[in-house]
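Topology and contacts: notes
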Amino acid sequence: MVLMPVIQPGATGLGALTCFARMAAGADFALAFQAGTDGLAVPLASDPGPLPQPFALGRAKLETIDWSGGPRDVAGLTLPSAILLAFDQPAQQVMFVASPFAEETRSGVLLIWLANSPRRCDCPFRDNIGASVPLLRAAFGQMMAGQHEVMDRKLASDRFHDLFETVPTGIVVLDGDTTTALVNERAAVLLDVPAGEADASQVGAQMRALRDRCRNRDSLADIYAPLQQDLDYSSTAVWVTAEQHIEVDTHPILGHGRNGRIWLFHDVSARERLEEELRHKADTDVLTGLANRRRFFEIANAAVQRAHAGQGGEGELALLLLDIDHFKAINDQHGHPMGDAVLRDLAQRLQSILRTRSRDLIARVGGEEFAVLLPATNAEEAKLVAGRLRTAIADRPIVSGETHLPVTISLGGAVLSTEDSTTPRSLEALLKVADDKLYLAKRGGRNRAVFD
Amino acid sequence: MTLSSETPVVILSHGFGTDQTAWSAIRPWLESRFRVISYDLAGAGPDGAKTYDFRQHSTLFGFADDLLSLLASQNIERCIYIGHSVSGMIGAAAAVADPDAFAKLVMIGASPRYLNDEGYHGGFEQSDLDGVFDGMATNFQAWGAGFAPAVVGVPDNKAIDEFSRTLFQIRPDIALATSRTIFQSDMRAVARRLERQTHILQTARDLAVPQDVAAWLNKSIDGSTLDTLDAEGHLPHMTAPDEIISVLERRLLPTSNLA
């Protein structure tokens, strides 16, 4: 009876060939492995299975031995122990068909015959094994190269997948053919599309929908306008949605002429929140929650420049300096906690007066000293505002616990008008004038506002 | 690799968590009688990261091939092999693959299979081993701090310190891979095929190797001897060297002229 190789369903071509070689040679075991100069043999197919673990060829220089005389005795060949011990019986004879390919110069097929083997060789090659099996050398080389390539591709694909799904970034890769998109899990959640291969137009529509929901959609539209013409366009922009800040990076892939593009979505909400918090801390007076001196000068300088440029009003701007009357006495008589309560309450009242005028800014610029910036405001309006501020404080006492404390403020005002060359030109000059007027208000009996 | 004195040759192969310095307590006695060669297993010792290959050493056969290469490179045609713990089965594999190179084998605390099986008591369930591997992967230092005293098995601080030193010398990923290779191994078929004279040494209580395992080896290896030492723990060559020496004296010396 001639034994026919039984080829398992799903087996590779190399597996089938290995099986065939073993049957044809009447051997008990056949193993096709790849090995390079480092001598580590990686099994690719074996018959019977299962596939052995990788092993070191070590001193076994199988590829340098002349096998033209057919199988050789195992003794003296220093075969790897994993091969010698893979069977219940000792290995007796061995033959090697070298099938080098690419860098894998020590690759080949190892055939093993066991001692007292129950198998019998009934194959057509039985009288001339040494000459016939090596005929498969070229076929093995090709098959192993093919298998090797499949494994390499799988490895590369596995690595890509690991990277694609574990980076903390949503990724959309639009293929060069512009019909398919590859979407990772994070991007799929963000865009509400299926992960994996998706329809490019669906993914594109969802990306546009997300962009249109952004608070900064108008500036984003400008940023992405060049995309229509320029295939090489790349940009990084922050998309501000109601829930999060997303830094979106896009750049072309696959170079010129191929319309591939990658979109990276990186959630920077935490970073933005932290930055916002730091900005706020740097700009805010801790006790009153008002803008601090640093913030005031930043805004006021810009406002003076804008007034000179004639923007945001008719080239007018007013500045008030105000000071709590007899504040030192309040601290001395009622203690610093009361002083702090006065500062907080006063800040709230002043701010509520200014709340209807959204462009105004009030800041605590000294211990009991405040500054108010009134952009696009002329002298008449500034006087009205100053009056409202003064009465808001003087009207009713400040209450802290059981203590009802009448408090008043004095104000000095200065106005810049680009049409009147006698008015102060710079912020420093404005402050100087306002400070002088404040001094006059104090001298004049306090609880009053003094302008020119 | 270190060698001294003249023939016959004794090869010393250490176990997991130690390196060749583990033999220092019994080495002087051996050196006055044999040419002694010790070596570090792949992954162990100061150069462990260089000698270990994750693919080649994924089975104990990879380690056995290293041993056979060492014998060949030193032109040793025949040796007396002393292996501790995992090196017991590494020696067994090498001695089945190349019987002529081994005059006899001494196995201290060896086990062909750590997992329990039908009709075989290896001492561990898979869940035990998974716990070990998880512990190693999560925090190797913390795991080692608990493992060292447990495996030494006696309150010998010097041995615990020494074992900890060599254990932490192993790169954690290599330690995890090696312990997987060891604890998941099944070398029973190899042990059954061993045809060289084998002396099995076992302590009265060993965390890694139950008495049943030593008895199984004794029964399965033709002509083997089993000596139960008056000692406890997995590292008797470190904690009870005199016990080891007295057995070696009895088992090795009458035939030490063997070439």
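Under the annotation held in an unreviewed UniProt entry, chain B carries the name Alpha/beta hydrolase and is attributed to Acidisoma cellulosilyticum. Its UniProt record gives chain B a comment under Sequence similarities (unreviewed entry), which states: "Belongs to the AB hydrolase superfamily."

Under an unreviewed UniProt entry, the name given to chain A is diguanylate cyclase, and the organism recorded is Acidisoma cellulosilyticum.

Turning our eyes to something else, we now look at the overall build of chain B. Within chain B, the regular secondary structure consists of twelve helices and seven strands. Across the 259 residues of chain B, 51% fall into the buried class. The contacts of chain B with a sequence gap of at least 6 include a subset with a gap of at least 24, amounting to 75%.

Attention shifts here to the overall build of chain A. On a plain count of helices and strands, chain A comes out with 13 helices and 19 strands. Here chain A, with 452 residues, has 33% of them falling under the buried criterion. Within chain A, contacts between residues separated by at least 24 positions form 56% of all contacts whose residues are at least 6 apart in sequence.

This part covers helix H6 (residues 140-152) of chain B. The periodicity of an α-helix, 3.6 residues per turn, causes residues three or four positions apart to be oriented the same way. Residue and element names in this part refer to chain B. If you check H6, its first and last C-alpha atoms are 17 Å apart, about what 13 residues at 1.5 Å a residue would give, namely 18 Å. Those residues of H6 lying buried are Trp143, Gly144, Phe147, Ala148, Val151 and Val152. Buried-residue contacts for H6 involve helix H5 (126-138), helix H7 (157-168) and helix H11 (236-239). Phi turns positive one or two residues past the end of H6, at glycine 153, with a value near 80°.

Turning our eyes to something else, we now look at the sheet that holds strand S4 (residues 72-73) of chain A. Consider a sheet: its strands pair through backbone hydrogen bonds, and that pairing is either parallel or antiparallel. Residues and elements named next belong to chain A. The six strands are arranged S3-S2-S1-S6-S5-S4 in an open sheet whose pairing can be described as antiparallel. Since the sheet does not close on itself, it has two edges, and those belong to strand S3 (55-56) and S4, each with one partner. Here S4 pairs with strand S5 (residues 91-98) via two bridges, running antiparallel. Residue pairing for S5: arginine 72 is matched across the bridge by valine 94. Where helix H1 (residues 13-25) meets the sheet, its contacts fall on strand S1 (29-34), strand S2 (40-47) and strand S6 (108-114), and the angle it forms with S2 comes to roughly 75°.

Our next topic: the nonpolar core. Counting 122 residues, the largest nonpolar core has Leu111(A), Val10(B), Ala64(B), Ala92(B) and Ala93(B) as its most contacted members. Among the elements that line this core, the one with the most residues is helix H4 (residues 86-97) of chain B, at nine residues. For Ala92(B), the residues in contact, after removing those within four places along its chain, are Leu105(B), Met187(B), Val190(B), Ala191(B) and Leu194(B). In this structure, Ala307(A), Leu346(A), Leu374(A) and Ala441(A) belong to the second largest nonpolar core, which totals 46 residues.

Moving on, we get to the interface of chain B and chain A. Counting from both sides, the interface comprises 18 residues of chain B and, opposite them, 13 residues of chain A. At the level of elements, helix H3 (60-73), H4 and helix H9 (188-193) of chain B are the ones that each hand at least two residues to the side of chain B that touches chain A. Top element by residues in the side of chain B that touches chain A is H3(B). It accounts for seven residues. Its residues placed into classes, the side of chain B that touches chain A shows ten nonpolar, five polar and three charged.

The residue after Asp47(A), namely Pro48(A), is reached through a cis peptide bond having omega -5°. With respect to the element layout, Pro48(A) can be found in the loop between S2 and S3. Here Asn447(A), not a glycine, exhibits a phi torsion of approximately 50°, which is positive. You can see Asn447(A) is positioned in the loop between helix H13 (427-443) and strand S19 (449-450). Phi is positive for Asn75(B), which is not a glycine, with a value near 55°. Its location among the elements puts Asn75(B) in the loop between H3 and strand S4 (79-84). Note on Asn75(B): 6 C-beta atoms within 10 Å, which makes it exposed.

For the rest of this paragraph, the subject is the packing of H5(B) against helix H8 (residues 172-183) of chain B. Residues and elements named next belong to chain B. One way to put it is that H5 packs onto H8 with a least axis distance of 10 Å and a crossing angle of 170°. Relative to H8, the element H5 lies roughly antiparallel. Residues Leu129, Val132, Phe133, Met136 and Ala137 of H5 form the contact with H8, whose participating residues are Ala175, Leu176, Ser179, Arg180 and Phe183. Residue composition of the contact of H5 with H8, by class: eight nonpolar, one polar and one charged.

This part covers the sheet that holds strand S15 (residues 369-375) of chain A. Residue and element names in this part refer to chain A. Taken in spatial order, the five strands line up as S14-S15-S13-S18-S19 in an open sheet, and their pairing is mixed. Edge positions in the sheet fall to strand S14 (361-364) and S19, since each has one partner strand and no second. Strand direction decides the pairing type here: S14 and S15, joined by four bridges, are antiparallel. In the sheet register, arginine 364 faces S15, and the bridge partner there is phenylalanine 370. Contacting strand S13 (316-324), strand S18 (409-417) and S19, H13 crosses the sheet at an angle of about 150° to S18.

Residue and element names in this part refer to chain A. The element S18 is extensively covered by neighbouring structure, given that eight of its nine residues are classed as buried. The sheet contact formed by S18 and S19 spans two bridges and is parallel. Bridging from a neighbouring strand, leucine 411 pairs with alanine 449 of S19. Once the chain exits S18 it traverses H13 before rejoining the sheet at S19, and the crossover so formed is left-handed.

Residues and elements named next belong to chain B. Looking only at helix H10 (residues 211-220), the buried set comprises Val213, Ala214, Trp216 and Leu217. Buried residues along H10 cover an arc of 155° about the axis, so they all sit on one side. Considering only its buried residues, H10 is in contact with H9, strand S6 (197-205) and strand S7 (225-232).

In this fold, Gln348(A) is placed in helix H11 (residues 336-354). A C-alpha to C-alpha distance of 8.8 Å links Gln348(A) and Leu290(A), two positions 58 residues apart in sequence.

Below, the discussion takes up the confidence of the model for chain B. When the pLDDT values of chain B are averaged, the result is 92; 95% of them are 70 or greater. Interface scoring of the predicted complex returns ipTM 0.79; its pTM is 0.63.

A few words now on the pairing of strand S5 (residues 102-108) of chain B. Along any regular strand the residues' side chains alternate between the sheet's two faces. Residues and elements named next belong to chain B. A large share of S5 lies buried, amounting to six of its seven residues. In the sheet, S4 pairs with S5 via six bridges, with the strands oriented parallel. Counted as the bridge partner of glycine 83 is methionine 107 from S5. Once you follow S4 into H4 and on to S5, the crossover reads as right-handed. Here S5 pairs with S6 via five bridges, running parallel. Residue pairing for S6: lysine 104 is matched across the bridge by glutamine 197.

Criteria and thresholds
Residues numbered from 1 in each chain as written. Chains lettered and ligands numbered in written order. Predicted model: local features only at pLDDT ≥ 70, side-chain atom pairs only at ≥ 80, totals over all residues. UniProt positions renumbered as here; feature names shortened; annotations may be inferred. Helix = DSSP H or I, 4+ residues; strand = E, 2+ residues; numbered from the N terminus. Buried ≥ 20, exposed ≤ 12 C-beta atoms within 10 Å, placed from the backbone. Contact = placed C-beta atoms within 7 Å. Expected span 1.5 Å × (residues − 1). Pairing = 2+ DSSP bridges. Axes fitted to C-alpha atoms, helices over the stretch in contact; angles between N-to-C directions. Core = buried A, V, L, I, M, F, W, Y, C linked by C-beta atoms within 7 Å. Nonpolar A, V, L, I, M, F, W, Y, C, P; charged D, E, K, R; others polar. Parallel < 35°, antiparallel > 145°, perpendicular 65-115°, else oblique. Right-handed = clockwise from strand over helix to strand, strands pointing away. Arc of directions from axis to C-beta. pLDDT = per-residue confidence, 0-100.

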